[in-house]
Amino acid sequence: MSSAKQGPVTKTAPRFARCPKCQELIDAASETCRFCNAHLSPGELEESAKLQQKLTEAKSRANDRSAMITAIAGLVGAILLYGLWFLARFMTR
Ligand SMILES: [Zn+2]
């Protein structure tokens, strides 16, 4: 029997969690808060890390959307400008 092949080990970026005591952003893998030295329970930290990841994902999604809107607005603006320029040329002929 061969051992189940795991997918490529993806080195994930350090996950962040909020210290339940001082609310500072800390490494989710740490056992004590580096700000207030509180002992952190892995379960509590895991919940916080998940929440933090969700927040980060939501933020990056919002960024994507606003970047797309900016790109579309720029394109529409360029087309409108070109249309005006074309019309102006056409009318002054
Ligand atoms: Zn703390």
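Structure: above.
Residues numbered from 1 in each chain as written. Predicted model: local features only at pLDDT ≥ 70, side-chain atom pairs only at ≥ 80, totals over all residues.

1. Observations regarding the overall build of the protein
Point 1. Looking only at helices and strands, one finds one helix and two strands in the protein.
Point 2. Ordered by position from N to C terminus, the α and β elements of the protein give β-β-α.
Point 3. Scored against the burial criterion, the 93 residues of the protein give a buried share of 9%.
Point 4. Counting contacts in the protein only where the partners sit at least 6 residues apart, residues at least 24 apart contribute 26% of the total. (Helix = DSSP H or I, 4+ residues; strand = E, 2+ residues; numbered from the N terminus. Buried ≥ 20, exposed ≤ 12 C-beta atoms within 10 Å, placed from the backbone. Contact = placed C-beta atoms within 7 Å.)

2. Some points on the nonpolar core
Point 1. Ranked by size, the top nonpolar core spans six residues in total: Ala 17, Cys 19, Ile 26, Cys 33, Leu 40 and Leu 45.
Point 2. The contacts of Cys 19, once residues within four sequence positions are left out, are Glu 24, Ile 26, Cys 33, Phe 35, Cys 36, Ala 38 and Leu 40. (Core = buried A, V, L, I, M, F, W, Y, C linked by C-beta atoms within 7 Å.)

3. Topic: unusual backbone geometry
Point 1. Its identity as a non-glycine residue notwithstanding, Gln 23 has a phi of 65 degrees, on the positive side.
Point 2. Of note in the backbone geometry, Asn 37 takes a positive phi value of approximately 60 degrees without being a glycine.
Point 3. Position of Asn 37 relative to the elements: it lies in the loop between strand E2 (25–27) and helix H1 (42–91).
Point 4. Looking at Asn 37, the number of C-beta atoms within 10 Å reads 10, which means it is exposed.

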